[in-house]
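Now for the letters of each chain:
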Amino acid sequence: MNRTTLSLIAGTTALAAVTGFAALSAPDAPGTDTAAKAAAQLPVERTSLLCPAPSTSDLAETSYTSFTPVTKGTGSGGKAELREAAEESADAPADGKDKGKDKDKDDGKSGEDKPGKPVLTSKEPGKPVTGDSSGGEAPALVGTADGRFAPGWTVQETTEVAAGTGRGLQGVNCTAPDTDFWFPGASTDADRTDYVHLTNPDDSAAVVDLELYGKDGALKSAVGEGITVPPHSSEPVLLSTLTGERQTNLTVHVNVRSGRVGAAVQALDDKLGGDWLAASTDPSGSLVLPGIPADATSVRLVAFTPGDADADLKVRLASPSGPITPAGHETVHVKGGMTSAVDLGDVTRGEAGSLVLTPTDRSVPVVAALRVVRGKGDKQETAFIPATRPLGTRATSAGNSGKGSTLSLTAPGAAATVKVTASAGSEGGTPVSKTYTIKAGTTQDIEPPAPGGLKGTYALTVETVSGGPVYGARTLTASEGGVPAFTVQTLPDDRGTVAVPEADEDLSVLQR
């Protein structure tokens, strides 16, 4: 049965809205007819975000910030709302050490088949809203935005833990559901307690396989196969229950057999604090890991290639003055199917930097992340920086306060100009914008502009004006009993728009 062109366009837009992605496919090469006609960009109409349960510590204090940038062409309707997920499969003890996953999951159902009560509802695009929770009982959150609230919707979850395993500052951008995630940098070491949090936003159960790869290859783990995540619920899985092997550096692959999930790894260390490890960008021959703090005392690169072929990568640090080759670490060799780790020490040497990995010869897809440590002795704190996509047209960072925020931008290729906009504050303030030029091959740390008359927290929106590509990260810092607590979130493109073919294009070839 033939469909009209408008119906196909509506279907294309609806598909993007359901998945939360802003582009359905990469554009064809310049000069082709398709590329010439597929120029229209329309705002996505629906977005889902999933926030993991923040902590099992009774000392945890968690804040949430929800923000949607103003986007042209969105109309006047819609809303953005976060709700409690259904109860998790098992209650974690206070120390987080012995959590299992013994709950009966035969029917793939939980005690609830719908999300719980609303906890945070946005009021208008361009103005953040905030919420908070205390203690170790805060649930995971399932969020949906539609209409004018959907394009670029961003939610930041930030937790301060005063003492104990993972003490310090932990932060994560709530993630869109997907079917494939890579987490290089996880661990089952004796000092580490790492969970992979799986959150299902849909009305039917999701089935997930967790694959672990150490320095010698895949680790056998029958219990990591066929994990059921009930509808609208969250499953935290302790990695040490999946294998008896102690591995300092692990790569975790979350492969969803059916359904969709949001995924993030909570990496907690007895001595070095802890943070959330977000997923690396899709496997690629070249990677950028932006936003290493200037005062980092230790940086570890963890890399993995999913295929059988080995990867040889050039290692470069994009510093404020230009590209630098770290002495003794000019290249890194990554064996196929095995996790490789390289300790780079204080590679930034007091200056801000971003790590750039490129193939020495043939390109082999790789995923990578950095474990970054600040401080010395018993006053150390850890954060993670995964390889990320460029910020593209627009990227957003929520949860900034009047101080303690640093924006790090790098242009590994050509020079670029970006516009940074500080939104209104959650309790008052006037937006302000400023333009910056990032020189080719450099990283620039920026103390971001703050709204005039700021009250509460605010969001930063970064837009590419010219040049590029640009990669970015935002660092939040706090003082926790003399510990230099910090957390880093990368700034990939928010995928707030979707490419839609011109209305006069013949799309009959898409019919089946």
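About the thresholds
- Residues numbered from 1 in each chain as written.
- Predicted model: local features only at pLDDT ≥ 70, side-chain atom pairs only at ≥ 80, totals over all residues.
- Heavy atoms only, no water.
- Helix = DSSP H or I, 4+ residues; strand = E, 2+ residues; numbered from the N terminus.
- Buried < 20%, exposed > 50% of the residue type's maximum accessible area, 1.4 Å probe, protein only.
- Contact = heavy atoms within 4.5 Å.
- Areas by Shrake-Rupley, 256 points an atom, 1.4 Å probe, with all protein chains shown as cover.
- Salt bridge = Lys/Arg side-chain N within 4 Å of Asp/Glu carboxyl O.
- Disulfide = S-S within 2.5 Å.
- Phe/Tyr/Trp six-rings, centres within 6.5 Å; stacked < 30°, edge-to-face > 60°.
- Lys NZ or Arg CZ within 6 Å of the ring centre and 35° of its normal.
- Polar contact = N/O pair within 3.5 Å; in protein donor to acceptor, adjacent residues only side chain to side chain.
- Pairing = 2+ DSSP bridges.
- Axes fitted to C-alpha atoms, helices over the stretch in contact; angles between N-to-C directions.
- Core = buried A, V, L, I, M, F, W, Y, C linked by side-chain atoms within 4.5 Å.
- pLDDT = per-residue confidence, 0-100.

## Structural notes on the overall build of the protein
Here comes step 1: In terms of regular secondary structure, the protein is built from 2 helices and 38 strands.
Here comes step 2: The proportion of buried residues among the 512 residues of the protein is 54%.
Here comes step 3: Pairs at least 24 apart in sequence give 83% of the contacts found in the protein among residues at least 6 apart.
Here comes step 4: Split by element, the accessible area of the protein, about 21000 Å² in all, is 49% carbon and sulfur.

## Details of the pairing of strand β17 (residues 262-269)
Here comes step 1: Burial within β17 is extensive, with 8 of its 8 residues counted as buried.
Here comes step 2: By the alternation rule, side chains of β17 split into G262, A264, Q266 and L268 and A263, V265, A267 and D269, which are all buried.

## Let's talk about the pattern of salt bridges
Here comes step 1: This structure, assessed with the given rule, holds 12 salt bridges.
Here comes step 2: With its nearest N and O atoms 4.0 Å apart, the salt bridge here joins K271 to D191. Separated by 80 residues along the polypeptide, K271 in the loop between β17 and β18 (273-277) and D191 in the loop between β10 (180-186) and β11 (192-199) bring together distant segments of the chain.
Here comes step 3: By relative accessible area, which is 56% here, K271 ends up exposed.
Here comes step 4: Within this structure, K79, E81 and R83 form a network of salt bridges that share partners.

## A look at the state of the cysteines
Here comes step 1: Counted under the stated rule, the structure contains 1 disulfide.
Here comes step 2: One disulfide bridge connects C51 with C174, the sulfur atoms lying 2.1 Å from each other. One disulfide, between C51 and C174, carries an S-S torsion of 110 degrees and so falls in the right-handed class. Taken as a pair, C51 in strand β2 (residues 46-51) and C174 in the loop between β9 (168-173) and β10 lie far apart in primary sequence, 123 residues in all. No difference in accessibility class separates C51 from C174, as the two residues are buried.

## A few points about the packing of aromatic side chains
The relative placement of two aromatic rings is captured by the distance of their centres and the angle of their planes.
Here comes step 1: Evaluated as defined, the whole model comprises 4 aromatic pairs.
Here comes step 2: Three or more aromatic residues joined by ring pairs make a cluster, and in this case those are W182, Y213 and F304.
Here comes step 3: Across the ring face of F486, the terminal group of R374 is positioned such that the distance to the ring centre comes to 5.1 Å.

## Points about the side chain of S426
Here comes step 1: By the secondary structure assignment, S426 is in the loop between β30 (416-422) and β31 (428-430).
Here comes step 2: The residues contacting S426, other than those within four sequence positions of it, are K127, P128, T130, K455, G456 and T457.

## Details of the environment of E211
Here comes step 1: Structurally, E211 can be placed in strand β12 (residues 206-214).
Here comes step 2: A sequence separation of 13 residues divides E211 from G224, and the C-alpha atoms of the two residues are 6.8 Å apart.
Here comes step 3: Within polar-contact distance, the side chain of E211 engages the side chain of Y213 at 3.0 Å.
Here comes step 4: At 2.8 Å, the side chain of E211 and the side chain of H253 are in polar contact.

## Overview of the sheet that holds β9
Here comes step 1: The 4 strands are arranged β6-β3-β8-β9 in an open sheet whose pairing can be described as antiparallel. Taken across any chain shown, the strands that pair with only one partner, and hence form the sheet edges, are β6 (129-134) and β9. Ignoring strand direction, the axes of neighbouring strands in this sheet form an average angle of 15 degrees.

## What about the environment of G171?
Here comes step 1: Looking at the secondary structure, you find G171 in strand β9.
Here comes step 2: Since its relative accessible area comes to 2%, G171 is described here as buried.
Here comes step 3: C-alpha of G171 to C-alpha of T158: the two residues are 13 residues apart in sequence and 4.3 Å apart in space.
Here comes step 4: What G171 contacts, discounting residues up to four positions off in sequence, is Q156, E157, T158, D275, W276, T487 and Q489.

## Considering the environment of T461
Here comes step 1: Assignment of secondary structure puts T461 in strand β35 (residues 458-467).
Here comes step 2: The spatial distance from the C-alpha of T461 to the C-alpha of G152 is 9.6 Å, given a sequence separation of 309 residues.
Here comes step 3: Ignoring anything within four residues of it in the chain, the contact list for T461 reads F67, P69, R394, A395, T396, K419, V420 and T421.

## Examining the nonpolar core
Here comes step 1: Core analysis: the biggest nonpolar cluster contains 29 residues, and L289, I292, V299, L301, L355, L357 and L370 have the highest contact counts within it.
Here comes step 2: Residues in contact with L301, not counting those within four places in the same chain, are V332, S340, A341, V342, L344, L355, L357, A368, A369 and L370.

## Some words on the sheet that holds strand β29 (residues 405-411)
Here comes step 1: Here 4 strands make up an open sheet; going across it, the order is β33-β29-β36-β37 and the pairing antiparallel. Of all strands in the sheet, those bounded by a partner on one side alone are β33 (442-446) and β37 (483-490). Between one strand axis and the next, the sheet turns through 20 degrees on average, direction left out of account.

## Some points on unusual backbone geometry
Here comes step 1: Residues G468 and P469 are joined by a peptide bond in cis, for which omega reads 0 degrees.
Here comes step 2: Looking at the secondary structure, you find P469 in the loop between β35 and β36 (471-480).
Here comes step 3: Positioned with a positive phi, R349 is a non-glycine residue whose angle comes to about 50 degrees.
Here comes step 4: Relative to the elements of secondary structure, R349 occurs in the loop between β24 (339-345) and β25 (353-359).

## A look at the pairing of strand β16 (residues 250-258)
Here comes step 1: Where β10 meets β16, 6 bridges bridge the pair, whose relative direction is antiparallel. Paired with D180 across the bridge in β16 is N255.
Here comes step 2: As judged from the 7 bridges shared by β12 and β16, these two strands associate in the antiparallel manner. Counted as the bridge partner of V208 is V256 from β16.

## Focus: the side chain of R192
Here comes step 1: Examined against the element boundaries, R192 turns out to sit in strand β11.
Here comes step 2: You can call R192 buried: its relative accessible area is 10%.
Here comes step 3: If sequence neighbours within four positions are ignored, R192 has contacts with G185, A186, S187, A267, L268, D269 and F384.

## Some points on the confidence of the model for the protein
Detailed conclusions should not be drawn from predicted coordinates in areas where pLDDT is low.
Here comes step 1: Scored by pLDDT, the protein has a mean of 86; 85% of the residues are at 70 or more.
Here comes step 2: Note on residues 1-38: pLDDT under 50 across the span, and 46 contacts to partners over four residues away in sequence or across chains.
Here comes step 3: Scored below 50 in pLDDT, residues 88-112 makes 52 contacts in the model with residues more than four places away or belonging to other chains.

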